[in-house]
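These are the residues of each chain, in order.
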Amino acid sequence: AYEIKECDWSSYVCSSDLIRTLALPFRTKNISNLSVQSAKLSTTILEKGKVVELETLIKNAGNQPARNKLAQLFVNGERVAQVTLSVEPTKSATEKFKFVLKKAGFVSGYVLLEDDDILQDNRHYFSFNIPDKIRVAMFGERPADTEYISLVLRPAEHEDARFIVDKIPLAKMRYTRLEKYDVIVLANIPAFDAREVEQLKDFVRAGGGLFLTLGQDIDIKSYNMNLMPELGLPKLTETMGSVSDTGPAFSLGKTDLTHPLFRGIFDQKDVVFSKPAFHFAIKTANMPGTEKIMQYGTGDPFLLEKKSEKGKILFFTTGFNLQLTDIAHRTIFAPLVSRAVTYLGTPTFGTKDDLMIGDELRMQVPAQNLNDKLEMQRPHNKSDELKPKILNSGPWIYYSDTSVPGIYRLTGNEKTIALWAVNVDPRESDLTMADKSFLQQKYAMTFIDQNSDLPKIIRENRFGRELWKYFAIIAFILLLIEMVLYRQKSEVAVKK
């Protein structure tokens, strides 16, 4: 398409109203084009040395069949997997890559397809972060409520421990910077004041994980008025059983073994583990948006999940005190707690992380990096120094120069703080011809026939069409008519 501008040079202004757009439709008959539409992690619990699965959507945006085409996966600059695929025109195929995470920390990579007629959509970038250590803040008033959780997370004091656990008295919660931690454990806390509830709400909203257990000490009315509605959790209704271990016991019932907490641990066709006995729990009301992961034999939930904007909440309707249950002595307890905390401490990756060329990158700067030299490293080893903007919510960085696809790395004193993967919009790969009437209406286009004399049409639209030839022909025709009329008039005069 060409744009022809007319300008008023006396005022040095070019009016957009005078712009005329000419469109020349053309299309190659045979187009070979595979494009990577998306790349998503299907593994939700990421651990160093474990297998990770990446799911990609690949579309044949051309009009030629793709046969036995190679797709490769690169992670941290190293090729780790490849597959061959065949896709019919206008169809899509889902391909899964499996690879082993060799190290924790920030990970970046891309999926690469073979060269075809359009190269720009053959590469799709992705990035994620695997915390090397999961930082856990544990709050509980009774030692018995946190004892067994602590034993699972820190079975022995050694440098290679997966979890860093800080036991903090409940009275110090309001003075604790929760953003320092990845997971907060709340064990049988009687009640929360408004300030503590707001802290927890902000923590989950920012991407933190909340591990919440109940117990015999909680104030149901206080929970229903303050904590539950603010976190989007169901209201508590009534207690089940008795705190006395001599009372009637109830056990586990249905368990959703497809949940990431159990994936890879149990064979779903033949699950064998000794079921714990429970003497006390608290019933909850049904609430949309919460997922029942484990239930008691009564059908009431034992473990619920609530997903927030970026964070996650795992909510146990009882505690792990031996007065309430013997689950701490069962084989399921250690993997359940360990994987629950790992699951909560793993960042959530969703559609909001899909950034396209031109999108703005934004992030709240961690307090420990506020005085660092902040730089945005762009693809092709170019970098820009950044200054954070101070807002009511804290210091933020904003970066909009994302004109090149690739990995954008925010560093503080040359240490990586965050990664973003920026890709070409997959809609650019759609080669379907747009409706002509829609284009004419939206863009005021004048369509030109493909076989027309394009330079001539552009000159005519820029300078106007030369009409002197037509006027000359008309004048010549009028002259002939006048001559004929004059001759007829002369002949009539002679006869008289």
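Residues numbered from 1 in each chain as written. Predicted model: local features only at pLDDT ≥ 70, side-chain atom pairs only at ≥ 80, totals over all residues. Heavy atoms only, no water.

## Structural notes on the overall build of the protein
The helix and strand inventory of the protein stands at 7 helices and 31 strands. Considering the protein as a whole, with its 496 residues, one finds that 42% of them fall into the buried category. Contacts in the protein between residues at least 24 apart in sequence constitute 68% of all its contacts with a sequence separation of at least 6. Accessible area for the protein stands at about 28,300 Å²; split by element, carbon and sulfur atoms hold 51% of it. (Helix = DSSP H or I, 4+ residues; strand = E, 2+ residues; numbered from the N terminus. Buried < 20%, exposed > 50% of the residue type's maximum accessible area, 1.4 Å probe, protein only. Contact = heavy atoms within 4.5 Å. Areas by Shrake-Rupley, 256 points an atom, 1.4 Å probe, with all protein chains shown as cover.)

## Side note on the pattern of salt bridges
Tallied over the full model, the rule gives 18 salt bridges. Taking the shortest distance from any N to any O, the salt bridge between K96 and E55 comes out at 3.8 Å. Of this pair, K96 sits in strand β9 (residues 92–100) while E55 sits in strand β6 (residues 51–60); the two residues are 41 residues apart in sequence, bridging distant segments of the chain. E55 sits in the partly exposed class, given a relative accessible area of 31%. K387 is the salt-bridge partner of E385, the closest N and O atoms lying 3.8 Å from each other. When salt bridges with common partners are traced through the structure, they connect E53, E55, K96 and K98 into a single cluster. (Salt bridge = Lys/Arg side-chain N within 4 Å of Asp/Glu carboxyl O.)

## What about unusual backbone geometry?
Look at N76: it is not a glycine, yet its phi comes out positive at around 50 degrees. In this fold, N76 is placed in the loop between β7 (66–75) and β8 (78–87). For N76, a relative accessible area of 37% translates into the label partly exposed. In this structure, N381 takes a positive phi of about 65 degrees despite not being glycine.

## Brief notes about the sheet that holds strand β10 (residues 105–113)
Strand order across the open sheet formed by 4 strands is β8-β7-β10-β11, with antiparallel pairing between neighbours. Strand pairing shows two members of the sheet lacking a second neighbour, β8 and β11 (123–130), which therefore form its edges. Looking at each pair of strands side by side, their axes are set apart by 20 degrees on average, direction ignored. Of the pairings in the sheet, the one linking β7 to β8 comprises 8 bridges and is antiparallel in character. When the bridges of β8 are listed, L73 appears paired with A81. (Pairing = 2+ DSSP bridges. Axes fitted to C-alpha atoms, helices over the stretch in contact; angles between N-to-C directions.)

## A short note on the nonpolar core
Core analysis: the biggest nonpolar cluster contains 39 residues, and F211 and F302 have the highest contact counts within it. If one sorts the elements of this core by residue count, helix α4 (residues 333–345) sits on top with 7 residues. Excluding its chain neighbours within four sequence positions, the residues that come into contact with F211 are I149, V183, I184, V185, L186, L314, F316, F320, A340, V341 and L344. F139, Y181, L212 and F280 belong to the second-largest nonpolar core, a separate cluster that totals 31 residues. (Core = buried A, V, L, I, M, F, W, Y, C linked by side-chain atoms within 4.5 Å.)

## Side note on the packing of aromatic side chains
Remark: the centre distance and the inter-plane angle together describe each pair of aromatic rings, the angle taken between the planes. Counting across every chain of the model gives 16 aromatic pairs. Taking the centre distance of 5.5 Å and the plane angle of 65 degrees together, the rings of F302 and F316 count as edge-to-face. Within this pair, whereas F302 is found in strand β21 (residues 301–307), its partner F316 is found in strand β22 (residues 312–316), the two being separated by 14 residues in sequence. Each member of the pair, F302 as well as F316, carries the same accessibility label: buried. Within the aromatic cluster, the residues linked to one another by ring pairs are F211, F250, F278, Y296, F302, F316, F320 and F333. One Lys or Arg, R123, reaches over the ring of Y110 and ends 4.4 Å from the middle of that ring. Residue placement shows K312 over the ring face of Y343; its charged tip is 4.9 Å from the ring centre. (Phe/Tyr/Trp six-rings, centres within 6.5 Å; stacked < 30°, edge-to-face > 60°. Lys NZ or Arg CZ within 6 Å of the ring centre and 35° of its normal.)

## Concerning the pairing of β21
Along a regular strand, successive side chains alternate from one face of the sheet to the other. Within β21, 6 of the 7 residues are buried, leaving the element largely enclosed by the surrounding structure. Both strand β20 (residues 290–296) and β21 contribute to a ladder of 5 bridges, which runs antiparallel. Paired with M294 across the two strands is L303, which belongs to β21. If you look at the hairpin formed by β20 and β21, you'll find 4 residues sitting between the two strands, and G299 has a positive phi there, around 95 degrees.

## Concerning the environment of R427
Among the structural elements, R427 can be located in the loop between β30 (415–423) and α5 (436–443). Considered as a pair, R427 and Q37 are 390 residues apart in the sequence and their alpha carbons are 8.6 Å apart. Within the local environment of R427, its side chain forms a polar contact with the side chain of D425, the two groups lying 2.8 Å apart. (Polar contact = N/O pair within 3.5 Å; in protein donor to acceptor, adjacent residues only side chain to side chain.)

## A closer look at the confidence of the model for the protein
Mean pLDDT for the protein: 84, with 86% of residues reaching 70 or above. In the model, residues 1–16 has pLDDT below 50 throughout and makes 28 contacts with residues more than four positions away in sequence or in other chains. (pLDDT = per-residue confidence, 0-100.)

## Points about the packing of helix α1 (residues 143–153) against α4
The contact between α1 and α4 brings their axes to 9 Å, and the two run at 75 degrees. Taken as axis vectors, α1 and α4 run roughly perpendicular relative to one another. Counted together, Y148, I149, V152 and L153 of α1 and F333, A334, V337, S338 and V341 of α4 form the full contact between these two elements. Of the residues that constitute the contact of α1 with α4, the class distribution is 8 nonpolar, 1 polar and no charged. (Parallel < 35°, antiparallel > 145°, perpendicular 65-115°, else oblique. Nonpolar A, V, L, I, M, F, W, Y, C, P; charged D, E, K, R; others polar.)

## Comments concerning the sheet that holds strand β24 (residues 361–364)
Pairing is antiparallel across the open sheet formed by 3 strands, whose spatial order is β24-β28-β27. In this open sheet, the two strands that pair with only one neighbour each are β24 and β27 (389–391). Adjacent strand axes in the sheet meet at a mean angle of 30 degrees, parallel and antiparallel pairs treated alike. As paired strands, β27 and strand β28 (residues 394–399) are joined by 3 bridges and run antiparallel to one another. When the sheet's bridge partners are listed, I390 is paired in β28 with P395.

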